[in-house]
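Architecture at a glance
What follows is the residue order along each chain.
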Amino acid sequence: MILMSGNEAIAQGAWEAGATIGVAYPGTPSTETLENFALKNGVYAEWCVNEKVAVEVGVGASAAGARVLATMKHVGVNVAADPLFTAAYTGVNGGLVVLAADDPGMYSSQNEQDSHWYARAACIPMFDPADSAEALAFTRDAFDVSERFDVPVFIRSTVRVSHTKTPVEIGERNEYVRKPYESNPAKYVMMPAYAKPRRIDQLKRVADLKEWVETCQYNVRFDRSNEIGIICAGATYQHVEEALADASVFKLGVTWPLPERALRDFASSVDRVYVVEEGSRFLTESVSALGISLASPLHPVPEAGELSPGIIRASFGRELPTHQDAPENLPGRPPALCAGCPHRIVFKELSRMRAIVTGDIGCYTLGALPPLAAMDTCLDMGASVSMAHGFELAMADEEHRPVVAVIGDSTFAHSGLSSLISTVYNKGCGTVCVLDNRTTAMTGRQGNPFNGETLQHRPSRELDLEGVVRAIGVEDVQVIDPNDMRAVRGALKRATQTDDISVLIFRSPCILIDRVRKPAYEVTDACRACGVCPTLGCPAISTDEQTGIASIDPDQCIGCGQCSQYCGFSAIRQTQA
């Protein structure tokens, strides 16, 4: 037995099943899955530009006979939905398993969607592991299920399963022999003439899956009290076991399709049956649709946020264990851009010029928070460029504040490029800032096409970002050092005063990959407590509550010198090495 996170266990399960190809776009809480898979012997793994491309690569490799693991977070399933829905028609050759990592509580996401709905809508079976041991076993077996029923298979995790380490027993690798590819347009060419019979095949497959799931070993029933029965799945099962130890439980390992007869039998064995779930009412509505009458807890289980044993106990009117409340007036720890982050000055200048800033997904989303407060919107990957175009269209006939889109290099490759092509094609205007910090920083500094680093460090090509932008028709393209305040200010002022579209590439490596630490800066007696340097939001800078005099923590300062460029009294200087 060894300890593994759910993400590590899913990677191990895929490897044990003989999967040889892994594809993904990084996204918390799924990222570490493919990173761990990439370390295994005998596998090929790559970061794709987005989740849609990853699934399409996976479907191609599966059609060619390989076993494939594709991983993504829940909002990545939105991006991948187009190929996934049709892959449920075509089916597979080699097994294809897709991880959908949900994020109840939105610890690192812009929404709290439940991927169960995709399983039902696309008619793709979904496994719902409750811990790392199940994550390994379910993933390993999912490849057999995929090939048996000729369909992709979802593994759904949540942040609690993905990141919690629990004991697992690892096994040997199945030396899977790639199935031969045979040309079969009726299976893989989904034009209407072929898709119609594949739809009939799909309906039969669903009927077969519904019969299989009735006796599936992954659905486990625990008969205890005949008064209360709980239906649950995934990490919620662990909370139910702790909160309602005396209740009978039907733990669903497969959450689509549901085992109708088995659930009816369970419901008939108890006086009252409840569904406990987090993030949505998928299971509640699905179980009710089977004709099972569900009871309601004394207090409704919250539909938003992550569940806990305490929340479940409170919902059922049970007494909470004794506990100590957190002390009052603890200082807050809001997230902030790292000391020396190359994005900081860009946001400071955007705030200073009162621009309307359409933002995107990445570390730089923190530019929306005080004291920078320099971001007006953040919707999804690539939306910054599209939304900026929308702002310009709506306000074209009036004087307005400058509209500036802000997007990272990895996100630009993911879906910003297509947005920019659309804007250029439609003769849009405005300013697009590409914050090129040479990595995909927010999810752990993964490679992307514009820094040329591949997941397994293979020889690659670093795409020419400014060349690509010019090639699609943008004439005004400039590369700027984001650590140079005057250069940033000048570039933004000039770009926002033109009537055409401008792309400003602010290029400087993330401090966590560059890791160059220069002598720290210090505040001298010349400080006049003007309050300008704290508005940079650097975690190394603080001010005295009484005097307003600034100070710099030498342990946090990396010597970037951004603050000294804003000091009008020359009161910030670099210490001697």
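Everything discussed here concerns the structure shown above.
Residues numbered from 1 in each chain as written. Predicted model: local features only at pLDDT ≥ 70, side-chain atom pairs only at ≥ 80, totals over all residues. Heavy atoms only, no water.

Looking at the overall build of the protein
A count of helical and extended segments in the protein gives 19 helices and 23 strands. Taken over the C-alpha trace, the protein has a radius of gyration of 27 Å; the compact-globule value for 577 residues is 25 Å, and the two agree within 12%. Dimensions of the protein, computed from the C-alpha atoms along their principal axes, are close to 80 × 65 × 50 Å. Each of the 577 residues in the protein was classed as buried or not, and the buried ones make up 54%. Partitioning the contacts of the protein with sequence separation of at least 6, the portion at a separation of at least 24 is 75%. Roughly 25,600 Å² of accessible area belongs to the protein as shown, and the carbon and sulfur atoms make up 51% of that amount. (Helix = DSSP H or I, 4+ residues; strand = E, 2+ residues; numbered from the N terminus. Rg over C-alpha atoms; globule rule 2.2 N^0.38 Å. Buried < 20%, exposed > 50% of the residue type's maximum accessible area, 1.4 Å probe, protein only. Contact = heavy atoms within 4.5 Å. Areas by Shrake-Rupley, 256 points an atom, 1.4 Å probe, with all protein chains shown as cover.)

As for the packing of helix 14 (residues 344–352) against helix 18 (residues 485–495)
Two numbers describe how helix 14 lies on helix 18: the axes approach to 10 Å, and their chain directions differ by 45 degrees. One way to sum up the angle between helix 14 and helix 18 is to call them oblique. In this structure, helix 14 meets helix 18 at a crossing whose hand is right-handed. In this structure, helix 14 contributes I345, V346, E349, L350 and R352 to the contact, and helix 18 contributes M485, V488, R489 and L492. For the contact of helix 14 with helix 18, the residue count by class is six nonpolar, no polar and three charged. (Axes fitted to C-alpha atoms, helices over the stretch in contact; angles between N-to-C directions. Parallel < 35°, antiparallel > 145°, perpendicular 65-115°, else oblique. Left-handed = near helix turned anticlockwise from the far one by under 90°. Nonpolar A, V, L, I, M, F, W, Y, C, P; charged D, E, K, R; others polar.)

Overview of the pattern of salt bridges
Close approach of charged atoms lets side chains of opposite charge pair. The final tally for this structure, using the stated rule, is 31 salt bridges. A salt bridge links K179 to E147; the shortest N-O distance between them is 3.6 Å. Remark: E147 occurs in helix 6 (residues 132–149) and K179 occurs in the loop between strand 8 (165–168) and helix 8 (185–188); sequence separation between them is 32 residues. A residue is classified by how much of its surface remains accessible, and E147, at 18% relative accessible area, is buried. (Salt bridge = Lys/Arg side-chain N within 4 Å of Asp/Glu carboxyl O.)

Things to note about helix 14
The element helix 14 is extensively covered by neighbouring structure, given that seven of its nine residues are classed as buried. Of the positions making up helix 14, those classed as buried are R344, I345, V346, F347, K348, E349 and L350. Those residues of helix 14 hidden inside the fold are in contact with strand 14 (356–359), strand 16 (403–408), strand 17 (430–436), helix 18 and strand 19 (501–507).

Concerning the pairing of strand 11 (residues 248–252)
The buried count for strand 11 comes to five of five residues, which makes it a mostly enclosed element. The two faces of strand 11 match: S248, F250 and L252 on one face and V249 and K251 on the other face are all buried. As judged from the three bridges shared by strand 9 (residues 220–222) and strand 11, these two strands associate in the antiparallel manner. Bridge pairing in strand 11 links R221 to F250. Pairing geometry for strand 10 (residues 228–233) and strand 11, over five bridges, is parallel. Across the sheet, residue C232 finds its bridge partner in strand 11, namely K251. (Pairing = 2+ DSSP bridges.)

Describing the nonpolar core
Nonpolar side chains in soluble globular proteins tend to end up buried together. Ranked by size, the top nonpolar core spans 62 residues in total, and within it F347, L350, V406, L420, V432 and F506 carry the most contacts. The contact partners of F506, leaving out residues within four places of it in the chain, are V346, C433, V434, L435, D436, I480, P482, V488 and L492. One finds A61, A100, M126 and F250 within the second-largest nonpolar core, a separate group that totals 44 residues. (Core = buried A, V, L, I, M, F, W, Y, C linked by side-chain atoms within 4.5 Å.)

Regarding the packing of helix 4 (residues 74–90) against helix 9 (residues 192–213)
Between two packed helices, the angle of one axis relative to the other and the distance separating the axes together describe the packing. Remark: helix 4 packs on helix 9, axes separated minimally by 8 Å, with the N-to-C direction vectors making an angle of 80 degrees. With respect to helix 9, the element helix 4 is oriented roughly perpendicular. Where helix 4 approaches helix 9, its residues A88, Y89 and T90 are matched on the opposing element by A195, R198, R199, Q202 and R205. Residue classes in the contact of helix 4 with helix 9 are distributed as three nonpolar, two polar and three charged.

Remarks on the sheet that holds strand 16
As summarised here, the arrangement of the six strands in space is 15-14-16-17-19-18, forming an open sheet in which the pairing is parallel. Of all the strands in the sheet, just strand 15 (377–378) and strand 18 (476–480) have a single pairing partner and so form its edges. Sheet topology places strand 14 next to strand 15; two bridges connect them, and they run parallel. Note that in strand 15 the partner of G359 across the bridge is C378. Running at roughly 175 degrees to strand 16, helix 15 (residues 383–394) makes contact with strand 14, strand 15, strand 16 and strand 17 of the sheet. Across the sheet, helix 16 (residues 409–425) is in contact with strand 16, strand 17 and strand 19; its angle to strand 16 comes to roughly 145 degrees.

Points about helix 6
Taking 1.5 Å per residue as the helical rise, helix 6 with its 18 residues ought to reach 26 Å, and the 25 Å between its terminal C-alpha atoms agrees with that figure. Its axis deflected by about 30 degrees at A142, helix 6 carries its strongest bend there. Burial analysis of helix 6 places 13 of its 18 residues in the buried class, which makes it a mostly covered element. Of the residues that open helix 6, the one with a side-chain oxygen 3.3 Å from the backbone nitrogen of A133 is D131. Phi turns positive, to about 55 degrees, at D150, one or two residues after helix 6. (Expected span 1.5 Å × (residues − 1). Bend = angle between axes of the 7 residues up to and from the residue. Polar contact = N/O pair within 3.5 Å; in protein donor to acceptor, adjacent residues only side chain to side chain.)

Observations concerning the state of the cysteines
The tally for this structure, following the rule as stated, stands at zero disulfides. With no disulfide partner, C563 has as its closest neighbouring cysteine sulfur the one in C560, 6.2 Å distant. Exposure remark for C563: the relative accessible area of 9% places this residue in the buried category. (Disulfide = S-S within 2.5 Å.)

Looking at unusual backbone geometry
Here the amide bond leading from W256 into P257 is cis, since omega sits at -5 degrees, within 30 degrees of zero. Take P257: it is sitting in the loop between strand 12 (254–256) and helix 11 (260–268). The omega torsion across P370 and P371 is 5 degrees, close enough to zero to call that bond cis. Within the secondary structure, P371 sits in the loop between strand 14 and strand 15.

Quick look at the environment of A413
For A413, the position within the fold is in helix 16. Residues in contact with A413, not counting those within four places in the same chain, are V49, P449 and F450.

Considerations on the sheet that holds strand 4 (residues 68–73)
The strands making up a sheet associate through backbone hydrogen bonding, with each pair oriented either parallel or antiparallel. Pairing within the open sheet is mixed, and its seven strands lie in the order 3-2-4-5-7-6-12. Single-partner strands in this sheet number two, and they are strand 3 (44–47) and strand 12. Of the strand pairs in this sheet, strand 2 (residues 21–24) and strand 4 are connected by four bridges, and their pairing is parallel. Looking at the pairing, G22 lines up with L69 of strand 4. Lying on the sheet, helix 4 is in contact with strand 4, strand 5 (96–102) and strand 7 (153–158); it crosses strand 4 at an angle near 130 degrees.

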